[in-house]
Structure formats: structure tokens, C-alpha cells
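Notes for the structure review
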Amino acid sequence: MKLKSLLLVSGALLAGTGSAVAGGYQVTLAGIKNNGMGGVGVGLSLDQAAMFYNPGALAMVRERGVQLGGNVTLARNAFVAEGSNIQRELRNSVVTPFSLYAGFGPAEGKFRAGIAVYTPFGSKLGYANGWEGRTSLTDIDLKSVFVQPTFSYAITDELSVGAGLVVLAYGAVNLQRDIALPDSYGHIELDGKAKTKLGFNAGIYYKPSDKLSIGISHRSKIDAVVDNDGDVTFTNIPESFRSRFQATKFNATLPLPATTSVGIGVMPNENLTIGFDVNFVQWSKYRELRFDFDQPINGQNTSVSKRNYEDALTFRLGGQYKLTSGLTVRAGGSYDMTPVPDGYVTPETPDNDRISGTVGASYAFGKFSLDLSGQFIRIQKRTETQADLINNGTTDRVAGTYKTNIVIPGLGLNYAF
């Protein structure tokens, strides 16, 4: 057994089929209104979710308020091994990213402050029993919670700036895979929690007229670290092989890449708003995944798996139209370029370029409003050949074709004061 295949899936802390945009293991489901508009928001000041999309725009959000949003990601995944015509369906799983925002400040003042809680990384994925890549991955369950206190100030009536302290408050991962033995299969489970880490999210928002707005934001890179306290558990290992599997703890570091975004908002009239965003994600910082163990596994204490990700762009377009004083409808779409080169696809992130379409609506009644959104994401079919794996030295993963479609309904509730 090759040790480097032991934790191939470790994109772990952060990977996910639940991903909605930006490829790789990044998830952007931070605002229900934004979700219905293709994920735009950097050049707009829609609501308190500006804390995530562009903290600089928060000062231009006139209403103070609290909003809660939740999504359900329903993924359908399939895999066909190279040289086979048998399609392996993944076991059904549900992931529920959520967001909570509270914004405060004087009604006529120049500043706004707030607190944001959101889940930008997370997934739950289980492959069919006995699938061809069982020694790479059988199950993955990822959870994360980020907290962001935010401050935004309007320098003039047209220009505002803002920044937030981003705290990785909670991160957990559970990974499982089978181990090939001469006459049977053993099993390994890894369970770990990430250390609290800090980053920042800052932005500038400029609205020179009632019909145009421009924004730019930057979210810093954060390293998610499991430091010598991840648990390693082996099962179904025959007595004659147990001396080879002594590890009980592991540590690892995984980068959460920096993202720079530019957005434009166009308001042709008082009822129609159109947004366009471009995101640049610095995936090239993710070159390899290294794991260190407290005791040897098959004679080795270290596992290194190549990633060699590339920087990637995401393009988003969406709009909303106010039909009545209470009802607003939305639609949009996005195109995400994958950061994963040929020969580097892994079962925990069977990624490729993504195309998505979105719809949404809001209904306001008094100080309350209800938001609905829906997304359909098609990850283009991705084939990885054995020749690709050999050429790149990545034979710790499995050759074949992955297909993934994702449906994501969302619901939000807002209270303005």
C-alpha cells in the first residue's frame, strides 16, 4: 500500500461537492438574495450580506437589520471507471450551509457595524460500496463556521469603505477509506478539528450616480491547521498486519485561498438592478497536501499528495426586478473555471468548469421580508485517464469519468429596524 494514497482526500477540511462557485472546495452561499442573482454582490448594496460580498458597501445599506438564511445542497454524483461501463452512483447526502447577519448604526449616520456568521466550506459525500476508488475515498464529512465582525464607513455620499476580521471559529473533518490487504480490505477513519485562525475581508464601494455602482473586495488567505490532534482509527485489520498501522494522531495544513473580486451594478430605473462580478481566486498557493503522523503507517510517517492547482476566475451575472411594493423577483447565472488541472482530479473534489442558473424572489410585509432562491449547477463531465495520472505522477488516485449535478434551494428571513 502506498502511503501517499492514504490521505489523498485530504482536501478535507475544506473540500466539497456542495461547492456552489469558484471551483475547488470554495463555497459561496452567503446571501439568499445574492444566490438568486447568480451570486453577484460585490458592486451592490442589497442588504446585510454585504459584510461577506463587500464590507465597503455595508455603510450604503440604509436599513439596519438582522437576517438568517439557509440552503440545502442536493448533489447527484456518478463515476465510471476507465475501461468500464458500470456507473457508480454516490449515496444520497444533504448539506445545509447557513448565514446570519446583524447590522447596526445610526439611522442617518455615516457608519455601519455588524457581525456575520457563515459556512463557506462544507460537504458530505459517500461513494457506492465497493467502488473502484474505495482505497482513495469512501466517505467525507466537512463542517466549518466563520465569524466576521465588520465595520463600514461612508467617506462621502458616493464613496464608502469597510473591513472585517475573519475568524475560522470551527472546522471539522471526517474522512474514511478502505485499505487494500492481500486477502481483504481494512478501513481507516480520520477525524480532526482545525485550530482557530484569523484573516480579513476588506472592500471599497463607489456609487457615482443613481444608475451605477462599482465595488472591489479582497478576502485574505487563511491556513486551516490540524495540529497533532487529529484522530486516526483503523478497523478490520488482521492481527498479522496490525504492526504496520500504528498511527493514532495526524497533523496537516490546508490553504483557504485569497479571493479578489470586482463588481459593477447598473440600475436603469428604480425597479431594475443588474449586477456583474468577476472573482480571481489564488488557487496556485495549493501545491501539495502533506500529512504527518505520530507513528508509522506501513513504515512511513509522512504522506504527500500533489495538487498543483491553478489560479481561476469566476464570472457572475444577475438581476432583480421589483414587481410590486412587496414582491421582487430575481434571476442570474455564473461560469466557474476549475483550478484543477488534468491528472490532478481527486474523488473528494471531482471538479471541472461549472455552469449555473439561478432564480429567486422576496416578499416584504412590514418590517419583515421572506427570501427564496434556487440554483442548478452542472459540473461539466471530467475524464481522467491512467495516462494522465502516470504523466503527472498522481497514480494515488483513480482513472475514470465523473459527472455531477447540484440543486440548491434556499430560504431567508429578514427583520429591519
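What counts, and at which threshold
Residues numbered from 1 in each chain as written. Predicted model: local features only at pLDDT ≥ 70, side-chain atom pairs only at ≥ 80, totals over all residues. Heavy atoms only, no water. Helix = DSSP H or I, 4+ residues; strand = E, 2+ residues; numbered from the N terminus. Rg over C-alpha atoms; globule rule 2.2 N^0.38 Å. Buried < 20%, exposed > 50% of the residue type's maximum accessible area, 1.4 Å probe, protein only. Contact = heavy atoms within 4.5 Å. Areas by Shrake-Rupley, 256 points an atom, 1.4 Å probe, with all protein chains shown as cover. 1 Å grid on protein atoms, 1.4 Å probe; cavity = no way out; pocket = protein on both sides within 12 Å on 5 of 7 lines; lining within 4 Å. Points joined across faces, edges and corners; volume = space filled by probe spheres on them. Nonpolar A, V, L, I, M, F, W, Y, C, P; charged D, E, K, R; others polar. Salt bridge = Lys/Arg side-chain N within 4 Å of Asp/Glu carboxyl O. Core = buried A, V, L, I, M, F, W, Y, C linked by side-chain atoms within 4.5 Å. Phe/Tyr/Trp six-rings, centres within 6.5 Å; stacked < 30°, edge-to-face > 60°. Polar contact = N/O pair within 3.5 Å; in protein donor to acceptor, adjacent residues only side chain to side chain.

Describing the overall build of the protein
A tally of helices and strands in the protein yields 3 helices and 23 strands. Relative to the globule expectation of 22 Å for 417 residues, the C-alpha radius of gyration of the protein, 22 Å, shows essentially globular dimensions. Its C-alpha atoms put the protein at 75 × 40 × 35 Å along the principal axes. The 417 residues of the protein split such that 54% are buried. Considering only contacts within the protein whose residues lie at least 6 apart along the sequence, 70% involve residues at least 24 apart. Surface summary for the protein: the accessible area is close to 16700 Å², and the carbon and sulfur share equals 57%.

Topic: the layout of surface pockets
Its volume calculated, the largest pocket comes out at about 1300 Å³. Together, 46 residues line the largest pocket, and Ser-45, Leu-46, Glu-63, Gln-320 and Lys-322 are the ones closest to its centre. Every element with two or more residues in the lining of the largest pocket is listed here: β1 (65–71), β11 (197–209), β16 (272–281), β19 (312–322), β20 (327–336), β21 (354–365), β22 (368–384) and β23 (400–416). Partitioned by chemical class, the residues of the lining of the largest pocket number 15 nonpolar, 17 polar and 14 charged.

Remarks on the pattern of salt bridges
For the structure on display, the rule yields 11 salt bridges. Lys-33 serves as the salt-bridge partner of Asp-47, at 3.2 Å between the closest nitrogen and oxygen. Of this pair, Asp-47 sits in the loop between α1 (32–36) and α2 (50–53) while Lys-33 sits in helix α1, and the two are 14 residues apart along the sequence. Its relative accessible area of 12% is what places Lys-33 among the buried residues. One salt bridge connects Asp-371 with Lys-33, and the closest N-O pair in it is separated by 3.1 Å. One end of the pair, Asp-371, is in strand β22; the other, Lys-33, is in helix α1, with 338 residues separating them in the sequence. Each member of the pair, Asp-371 together with Lys-33, is buried. In the salt-bridge network here, residues are joined through shared partners; they are Lys-33, Asp-47 and Asp-371.

A look at the nonpolar core
Nonpolar side chains in soluble globular proteins tend to be buried together. Ranked by internal contacts, the top residues of the largest apolar core, which has 39 residues, are Val-232, Phe-234, Phe-245 and Phe-293. The set of elements that each furnish at least two residues to this core consists of β2 (73–81), β8 (139–154), β9 (159–180), β10 (185–193), β13 (222–235), β14 (249–256) and β17 (288–297). Take this core: its biggest share by element is 4 residues, from β17. Core analysis: the next-biggest nonpolar cluster, separate from the first, contains 17 residues, Ala-30, Met-51, Ala-194 and Leu-256 among them.

Considerations on the packing of aromatic side chains
If you walk through the whole model with that rule in mind, you get 16 aromatic pairs. With 6.0 Å between their ring centres and 40° between their planes, Phe-104 and Phe-417 make a pair best called tilted. Of this pair, Phe-104 sits in strand β5 (residues 98–104) while Phe-417 sits in the segment after β23, and the two are 313 residues apart along the sequence. Look at Tyr-127 and Trp-131: their rings are 4.0 Å apart centre to centre, the planes differ by 10°, and that puts the pair in the stacked class. Residue Tyr-127 shares its accessibility class with Trp-131, and that shared class is buried. Ring-pair connections join several aromatic residues into one group, and the members of that group are Phe-104, Tyr-363, Phe-365, Phe-368, Tyr-415 and Phe-417.

Some points on the side chain of Ser-362
Mapped onto the elements of the fold, Ser-362 is located in strand β21. A polar atom in the side chain of Ser-362 sits 2.7 Å from the side chain of Arg-330. Among the polar contacts made by the side chain of Ser-362, one reaches the side chain of Asp-371 at a distance of 2.4 Å. Dropping the residues within four chain positions of it, Ser-362 is found in contact with Lys-33, Gly-326, Leu-327, Thr-328, Arg-330, Leu-370 and Asp-371.

The analysis is restricted to geometry; functional conclusions fall outside its scope.
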